[in-house]
Amino acid sequence: MVTNAEIVSLLDELARLTTLEDGSPQSFRVRAYEAAARTVEGLAQPLAEMSEAEIAALRGLGQSTARKVRELVETGRIAKLDRLRAEFPPAFRELTRVPGIGPKTALLLRDRLGVRSVDDLKAAIDEQALRTVPGLGPKSEANIARALERLDLGGKERRAPVAEALRVAGDVVAALGALPEVERAEAMGSLRRFRETIGDVDVVVVSRGDPEQVMARFVALPMAVEVLAAGAAKSAILTSAGLQVDLRVVEPHQYGSAALYFTGSKAHNIRLRQLAIERGWTLSEYGLAEAESGRVLASATEEEIYAALGLQWVPPEMREDGGEIELAAAGALPRFIEEGDLRGDLHMHTDLSGDGREPLEAMVAAAAARGYEYLAITDHGEDMATNGVSREAMLAQRERLAGLRELYPGMLLLHGVELNIGRDGSVDYDTEFLAGFDWAVAGVHSDFDLDRETQTLRIVTAMQNPAVRVIAHPGGRIIGRRPGMDLDLEAVLSAAEETGTALEINGSLDRLDAPVEMLRACRGREVLLLVGSDAHHSRELANVDWGVRHARRGWVEPERVANTWPRERFLEWVRR
Ligand code: DGT
Ligand code: CA
Ligand code: CA
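The following paragraphs examine the structure supplied in this document.

Each value, and the rule that gives it
- Residues numbered from 1 in each chain as written.
- Chains lettered and ligands numbered in written order.
- Predicted model: local features only at pLDDT ≥ 70, side-chain atom pairs only at ≥ 80, totals over all residues.
- Heavy atoms only, no water.
- Pairing = 2+ DSSP bridges.
- Helix = DSSP H or I, 4+ residues; strand = E, 2+ residues; numbered from the N terminus.
- Axes fitted to C-alpha atoms, helices over the stretch in contact; angles between N-to-C directions.
- Contact = heavy atoms within 4.5 Å.
- Near = heavy atom within 4 Å.
- Polar contact = N/O pair within 3.5 Å; in protein donor to acceptor, adjacent residues only side chain to side chain.
- Areas by Shrake-Rupley, 256 points an atom, 1.4 Å probe, with all protein chains shown as cover.
- Nonpolar A, V, L, I, M, F, W, Y, C, P; charged D, E, K, R; others polar.
- Domains from an automatic or database assignment.
- Buried < 20%, exposed > 50% of the residue type's maximum accessible area, 1.4 Å probe, protein only.
- Phe/Tyr/Trp six-rings, centres within 6.5 Å; stacked < 30°, edge-to-face > 60°.

1. Thoughts on the sheet that holds strand E8 (residues 281-284)
Part 1 of the reasoning: The three strands lie next to each other as E8-E9-E10, forming an open sheet whose pairing is antiparallel. Looking at which strands have only one partner, the edges of the open sheet turn out to be E8 and strand E10 (296-298). Recorded for the sheet is a direction-independent mean angle of 35° between the axes of neighbouring strands.
Part 2 of the reasoning: Sheet contacts for helix H14 (residues 266-278): E8 and strand E9 (287-290); angle to E8, the most-contacted strand, approximately 155°.

2. Some remarks on the site of ligand 1
Part 1 of the reasoning: Looking at ligand 1, there are 16 residues lining it, with Arg159, Ser190, Arg193, Gly199 and Asp200 nearest.
Part 2 of the reasoning: Ser190 places a side-chain nitrogen or oxygen 2.6 Å from an oxygen atom of ligand 1.
Part 3 of the reasoning: Here an oxygen atom of ligand 1 sits 2.9 Å away from a polar atom, N or O, in the side chain of Arg193.
Part 4 of the reasoning: The protein chains hide 73% of the 600 Å² of surface that ligand 1 would expose on its own.
Part 5 of the reasoning: At the level of elements, helix H11 (189-192), helix H13 (255-263) and H14 are the ones that each hand at least two residues to the shell around ligand 1.
Part 6 of the reasoning: A class-by-class count of the residues in the shell around ligand 1 yields three nonpolar, seven polar and six charged.
Part 7 of the reasoning: Composition of the shell around ligand 1 by domain shows at least three residues from each of domain 3 (160-250) and domain 4 (255-329).

3. A closer look at the environment of Ile505
Part 1 of the reasoning: Structurally, Ile505 can be placed in strand E16 (residues 502-506).
Part 2 of the reasoning: Judged by its relative accessible area of 0%, Ile505 falls in the buried class.
Part 3 of the reasoning: Once the C-alpha coordinates of Ile505 and Val544 are considered, the two residues, 39 residues apart in sequence, prove to be 8.7 Å apart.
Part 4 of the reasoning: For Ile505, the contacting residues outside a window of four places in its chain are Asp513, Ala514, Leu519, Leu529, Leu530, Val531, Gly532, Gly547, His550, Ala551 and Val556.

4. Notes on the packing of aromatic side chains
Part 1 of the reasoning: Under the defined criterion, the tally for this structure stands at twelve aromatic pairs.
Part 2 of the reasoning: For the pair Tyr374 and Phe570, a centre-to-centre distance of 4.1 Å together with 5° between the ring planes defines the contact as stacked. Placement of the pair is Tyr374 in strand E12 (residues 374-380) and Phe570 in helix H24 (residues 567-575), with a sequence separation of 196 residues.
Part 3 of the reasoning: Residue Tyr374 is classed as buried on the basis of its relative accessible area, which comes to 0%.
Part 4 of the reasoning: Taking the centre distance of 6.0 Å and the plane angle of 40° together, the rings of Tyr429 and Phe437 count as tilted. There is no split in this pair, since Tyr429 and Phe437 are both buried.
Part 5 of the reasoning: Taken together, the ring pairs in this structure connect Tyr374, Trp439, Trp565, Phe570 and Trp573 into an aromatic cluster.

What follows is the structure, encoded as structure tokens:
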């Protein structure tokens, strides 16, 4: 049976593909699919059990969407979707990740120059053909060429941004996990290690029954556009997103060894296998066993396998053979930050910023529901062209927030702002107006490609501003779309120490910024960190969980993260 979750993801895919067809994310049809997806998301009743008329009567769903849902339920496919998938294959869609190429330009490039992939685009640039396309010129041609070079897109090894892979994996795991014989279904591989780009998705399913049922469901998933391999316990599909998914079905007693093996990394696994060999054992996806007799010593859980090898359990995000095995062997792995450690969120937007989606009251209520002890509202400062907030509107928001304090006596409500760091390191408003805020985040939102010296000076100057408490998304990258800023890391970290300005670990899945290298470089230094959701909707407050997983990749311990501190200690730091 088709689940609501699957329908949501197909509607979202229809929206994305229709964006390309219509050349705009704002078209009527795109918005209709998006609205339909959001309605289905909040629905308790299975859509598959409803008639076309019942579906069409739901808010946000019209006749034409209702027909498509019925078509999916009855035939397992949507003809329109198949047509769009064929017209806009993944290689073509990748073009729109390139900065400066939106859906409209991508269509123009295809129709005028026959460009159907990033490789085609590179060839067109080499022939100086881009400048002949309406709306582009020699300058945009040069900008796009530079972006391609820095992004390293279109190589032979195509990797998907983690956000995209999580969506695909979530759909597979939900569909297979719903089967009655399935005990658990989980994404392993680089996704469980939470790398920011993913080569392919690896899923392990623990099934009590015959793996054949699971395999049959897997290869018939609506997202599957091609079956790459179909075996008794092992299959692979190519999905409409262009991502491969490898599936392995194992028995419950093998879960630990299978999880360990398929989580990797390969380098981490090789080290584990060496430790096993030293003891006269073997380690495979089926278990840790005596080499001679084949007797299995451990296989059901990862913990018992690590323990048998004389190691502490290693969090998946650290399994890269970057020193974690040595620490685990010495029993010296510190406790790294965990999802439950956070006591507040100091970076979120309301509908006062043009890009925020919900009113102040809704954001505060949602943050309170997460059990926070403190939070800051940080709408954009006035310098931001489209989403900036005027002084008058900021003051009015401050009044409204003050009113909310009575409703939430247990929570410290800070009135903050997200400042824009200009080319010279200056920020919005004036000193006096800035002094009226309880809290300020400052981030770069323009001029990402300045030379290293200018860029570094710009960030350091912002850090020296006493109003600025934290640098938001300090790397400046968008995963798979925009390379980071060119910064002198040592100079930035020294300035952070000297000024007491924190660096943000932005949990938005497109950012996950500060990057891992920056976080690792903070180890052993006095640099403070803050995990922020950068939520533009109450749903996105959960972004902090992604931020925490990313922080573990950077070996971040909770003590150095200011929003793990109790309210009094945090407040003391803010006031300093
Ligand atoms: P990716 O897909 O490139 O983002 O990275 P991974 O780490 O997900 O790599 P993948 O999909 O090739 O393999 C998934 C896991 O399976 C990998 O992390 C460790 C395990 N694995 C795969 N091939 C080998 C192998 O030849 N030797 C060992 N020891 N482990 C392997
Ligand atoms: Ca993989
Ligand atoms: Ca794989």
